[in-house]
Amino acid sequence: MNLGIYENTKIKVIGMKDKTLLQALILGVGQVAAKVLSLVFLFRFANDLGKDAMSLYAYAYVPFSLFADLACFGLIPGTSKLVSKLLGQEDEEKVNHLLRRGTFYCVLAGIFFFLFMLFFSRQILSVSLFEGYTEETFETVRTNLLMASLSLFFLPLIHFFKGFLQGHFIMYPSCNSIILENVVKLLLYIVLAKYVHNSVLVFSVFIIYLIGYVASFLLLLYFVFPYFKKKHEKFSSVPTLLKTCIPFGIATMFFTIYQFIDSISLPVLLPVEGYYTAYMYETIRLIFFPIVIAQALGGVLNPKINYMFQEDRIEEAKKIAEKCSSLIIFILIPFMILIRYFASDIYNLFYKQENGAVILYHISILIIFFGLHKVLIGISLGLPKAHYIIIATILSALAKYILNLVLVPKFGYLGAIYATIIAISICTLAAYFVLHREGICLFLKNIRDLLLAILTTFISIFFVVVFRVCFLLNHYPAYYSIIAYSILLMGSYYILLKIFKQTYKLCIK
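To keep things clear, this report deals only with the structure shown in the data block. (Residues numbered from 1 in each chain as written. Predicted model: local features only at pLDDT ≥ 70, side-chain atom pairs only at ≥ 80, totals over all residues. Heavy atoms only, no water.)

## Quick word on the packing of aromatic side chains
Considering all chains together, one arrives at 18 aromatic pairs under this definition. On the numbers, 6.0 Å between centres and 20 degrees between planes, the contact of phenylalanine 161 with phenylalanine 217 is stacked. With a gap of 56 residues between them, phenylalanine 161 in helix 6 (residues 155–167) and phenylalanine 217 in helix 8 (residues 198–228) connect regions that are remote in the sequence. Of the residues examined, phenylalanine 217 reaches a relative accessible area of 12% and is grouped as buried. For the pair tyrosine 172 and phenylalanine 223, a centre-to-centre distance of 5.6 Å together with 85 degrees between the ring planes defines the contact as edge-to-face. (Phe/Tyr/Trp six-rings, centres within 6.5 Å; stacked < 30°, edge-to-face > 60°. Helix = DSSP H or I, 4+ residues; strand = E, 2+ residues; numbered from the N terminus. Buried < 20%, exposed > 50% of the residue type's maximum accessible area, 1.4 Å probe, protein only.)

Set out below in structure tokens:
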């Protein structure tokens, strides 16, 4: 009897893990596809603008992204968690009421942050813009910033609708919307770039962004609109939503906060040399290509873990947390080393800054730190208590600011990278602590997985080096050789990983 119950539970756990990974795959495919489209767009954009005009874009984009995150403060994971929690309590009518009130709140949030950007854009730019700028440059960047801020009318609604659908464990609308958004941006840019050039192109690109967001909003509205018609039960929905979103907002703002701190510290490096644009914008975009896989997995794990804890299915949650945290380590380590190994080739496929490839080589180490953090935060914020994560995030932001002041003048952009590693480690360790308190012990297992992944990747790199020596592909275009060597590395890595894991299991037996 007990054996039968055990077997049924085991089958249920495996099925839940597979379903979770399937949902993560759906969301991940959308985000990876969107990232590819975004890189194609940025490749065209960066080449059309050139280094100087690209700086005008970056100085407007960084403060805009900060206030965009503030307007959407924790809405996707917070809404997702609240919806999954209410569904776990069988309060579907409250979920429908949340949709109505949450939509109204998001409209107000968009208006508020747009007006804030409108009235305080001068003060914002005076903090982050490099020293020695002219009045003409200042006004150009300010105009770009105001054009970008028009998107704030739609971004909170987009994030809220995504969170609402993901709380129902429906991932494909988010997948489709982000792909549509980037397809619209790319197609509009291809048409527009034929007629507009230089600084006016930067201005126009932010209008293209707005149209892309509108397309994404309309698609998501199509999926959530039927829920507006369903019966609803009133409750203090907006205060409850804000209470749920604030921990997520603080925890998920770490990247934006770090970028804003860097935007204050790094203008010392002189944008003329291209360091600022390459570090703050170009290389960050390239390393986030693999990180979006972790972001998708964390986004799925948040409502799933929360739903399981509502139903007291802690063992299932533990199995999923172990499988997913190990999976992301085994995925990100080879990507990180691959980007470091091909830093020059990969960077030069998209951008042309003189120092960009060196920066990409160094900044690629953040892949494993950002990726693991996103998964662990996705798991830990799905648990009942998350105040340790909030405290750790605030402490990490303070650490990042102080370390930047100390390290950037001495080491340049490397100082900013070191500061980010230390700061994000504070958040990651806090996530491990929260998970440990809830009986999900991942730290030692993840360390073992990390060492195994690094060892396997280095052996695979050795095979690639031998192959490159024996079979030079220099007479082919650069991207052919990158693809060929990458397939060899990933294939070797996968085979060796399977061998090592099987050997480890046999040794245990």
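## Thoughts on the nonpolar core
Within the largest apolar cluster, 138 residues are counted, with the highest numbers of intra-cluster contacts made by Tyr57, Phe206, Tyr209, Tyr279, Ile287 and Leu360. Considering each element in turn, this core owes the most residues, 14 residues, to helix 11 (residues 275–310). (Core = buried A, V, L, I, M, F, W, Y, C linked by side-chain atoms within 4.5 Å.)

## Details of the side chain of threonine 244
Counting through the fold element by element, threonine 244 comes out in helix 9 (residues 237–252). Excluding residues within four positions of it along the chain, threonine 244 makes contact with Gly78, Lys81 and Leu82. (Contact = heavy atoms within 4.5 Å.)

## So, the layout of surface pockets
Here the second largest pocket defines a volume of roughly 430 Å³. As for the second largest pocket, its lining consists of 16 residues, and the residues nearest its centre are Phe289, Phe335, Ile346, Phe350 and Ile482. The set of elements that each furnish at least two residues to the lining of the second largest pocket consists of helix 1 (2–49), helix 11, helix 12 (314–341), helix 13 (343–350) and helix 19 (478–508). A breakdown of the residues in the lining of the second largest pocket according to their chemical character gives 15 nonpolar, one polar and no charged. (1 Å grid on protein atoms, 1.4 Å probe; cavity = no way out; pocket = protein on both sides within 12 Å on 5 of 7 lines; lining within 4 Å. Points joined across faces, edges and corners; volume = space filled by probe spheres on them. Nonpolar A, V, L, I, M, F, W, Y, C, P; charged D, E, K, R; others polar.)

## A word on a nonpolar patch on the surface
Taken together, the side chains of Ile391, Ile394, Leu395, Leu398, Tyr401, Ile402, Leu405, Val406 and Ile426 present a nonpolar region at the surface, about 830 Å² in accessible area. In terms of residues, the nonpolar patch owes the most to one element, helix 16 (residues 387–411), which gives eight residues. With respect to the helices, strands and loops of the structure, isoleucine 402 is situated in helix 16. What makes isoleucine 402 exposed here is its relative accessible area of 51%. (Patch = residues over 30% accessible without salt bridge, like charges linked within 9 Å, V, L, I, M, F, W, Y side chains within 5 Å. Areas by Shrake-Rupley, 256 points an atom, 1.4 Å probe, with all protein chains shown as cover. Salt bridge = Lys/Arg side-chain N within 4 Å of Asp/Glu carboxyl O.)

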